[in-house]
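Remarks on the overall topology
Residues per chain are reported as follows:
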Amino acid sequence: MTTTAPAPVHFKIVIDAADPHTQADFWAAALHYEVEDNAALIEQLLAAGALPGAATVEFHGRPAFRDLVAVRHPQDPYDPHSGTGLGRRLLFQRVPKPKSGKNRLHLDLHPGEGRRADEVERLKGLGASVLREVKEPSGQWVVMADPEGNEFCVH
């Protein structure tokens, strides 16, 4: 009897946001990712009457979902019909309540040996803020917050 190993599970990281489009722009720039272009899918849904116009906004000169937007790794595959990434992605979804408390999950950015200080300055220029610098026997990193206060680390 032959058993086949299960395929890895595809996933995306979903981040709650007050302004998903601003967050997508920040994280696309921070990670050198691309904001997904779902315009073709949105136009199809609008034409079919399956999506109300109020559920869309203009974003970067094209139609976008009002409450959802994702960023994807530029080298990963994507569905050209929907614009949806099929690899590494962050999806930002609008939620009515602001962030409260400490993140239970965060991203660690690794810009490369000797590049932490320059990367922290670049991220500050994009709208991030430094919360604290950590120096421990196990290593050094900078804890930062994105424009909506979500914490992440730069190693």
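1. Points about the nonpolar core
Core analysis: the biggest nonpolar cluster contains 22 residues, and W27, V71, F92, L123, M144 and F152 have the highest contact counts within it. Broken down by element, the residue count for this core peaks at 5 residues, all from helix α1 (residues 20–31). Once residues lying within four places of it in the same chain are set aside, the contact partners of W27 are H32, L90, F92, L107, L109, D146 and F152.

2. Topic: the sheet that holds strand β10 (residues 151–154)
If you trace the 4 strands from one edge of the open sheet to the other, you get β7-β10-β9-β8, paired in mixed fashion. In this open sheet, the two strands that pair with only one neighbour each are β7 (107–109) and β8 (129–136). Neighbour-to-neighbour, the strand axes of this sheet turn through a mean angle of 25°, independent of strand direction. Bridge count for β7 against β10 is 3 bridges, and the pairing is parallel. When the sheet's bridge partners are listed, L107 is paired in β10 with F152. Relative to strand β9 (residues 139–145), helix α3 (residues 116–126) is tilted by about 0°, and along the sheet it contacts β7, β8, β9 and β10.

3. A few points about the packing of aromatic side chains
A complete count under the given rule lists 3 aromatic pairs for this structure. With a centroid separation of 5.1 Å and an interplanar angle of 90°, the aromatic rings of F26 and W27 are classed as edge-to-face. Each of the two residues, F26 as well as W27, counts as buried. What makes F26 buried here is its relative accessible area of 4%.

4. Observations regarding the side chain of E151
Secondary-structure assignment places E151 in strand β10. Given the relative accessible area of 19%, E151 is considered buried. Apart from the residues within four sequence positions on either side, E151 is in contact with K102, N103, H106, L107, L131, V143, M144 and A145.

5. Focus: empty space enclosed by the protein
Empty pockets left among the atoms are what a rolling probe the size of a water molecule brings to light. This structure, assessed with the given rule, holds 1 cavity of 30 Å³ or more. As for the largest cavity, its lining consists of V35, E36, N38, F59, R62, P63, A64 and V69. Take the lining of the largest cavity: its biggest share by element is 3 residues, from strand β4 (residues 62–65). Of the residues assigned to the lining of the largest cavity, the class counts are 5 nonpolar, 1 polar and 2 charged.

6. Focus: the sheet that holds strand β6 (residues 89–94)
Spatially, 4 strands are ordered β1-β6-β5-β2 in an open sheet, and the strand pairing comes out mixed. For this open sheet the edge positions go to β1 (13–17) and β2 (34–35), each flanked by a neighbour on one side alone. Pairing between strand β5 (residues 68–72) and β6: 5 bridges, direction antiparallel. Counted as the bridge partner of A70 is L91 from β6. Relative to β6, α1 is tilted by about 160°, and along the sheet it contacts β1, β2, β5 and β6.

Here is what the cut-offs are and how they apply
- Residues numbered from 1 in each chain as written.
- Predicted model: local features only at pLDDT ≥ 70, side-chain atom pairs only at ≥ 80, totals over all residues.
- Heavy atoms only, no water.
- Core = buried A, V, L, I, M, F, W, Y, C linked by side-chain atoms within 4.5 Å.
- Buried < 20%, exposed > 50% of the residue type's maximum accessible area, 1.4 Å probe, protein only.
- Helix = DSSP H or I, 4+ residues; strand = E, 2+ residues; numbered from the N terminus.
- Contact = heavy atoms within 4.5 Å.
- Pairing = 2+ DSSP bridges.
- Axes fitted to C-alpha atoms, helices over the stretch in contact; angles between N-to-C directions.
- Phe/Tyr/Trp six-rings, centres within 6.5 Å; stacked < 30°, edge-to-face > 60°.
- 1 Å grid on protein atoms, 1.4 Å probe; cavity = no way out; pocket = protein on both sides within 12 Å on 5 of 7 lines; lining within 4 Å.
- Points joined across faces, edges and corners; volume = space filled by probe spheres on them.
- Nonpolar A, V, L, I, M, F, W, Y, C, P; charged D, E, K, R; others polar.

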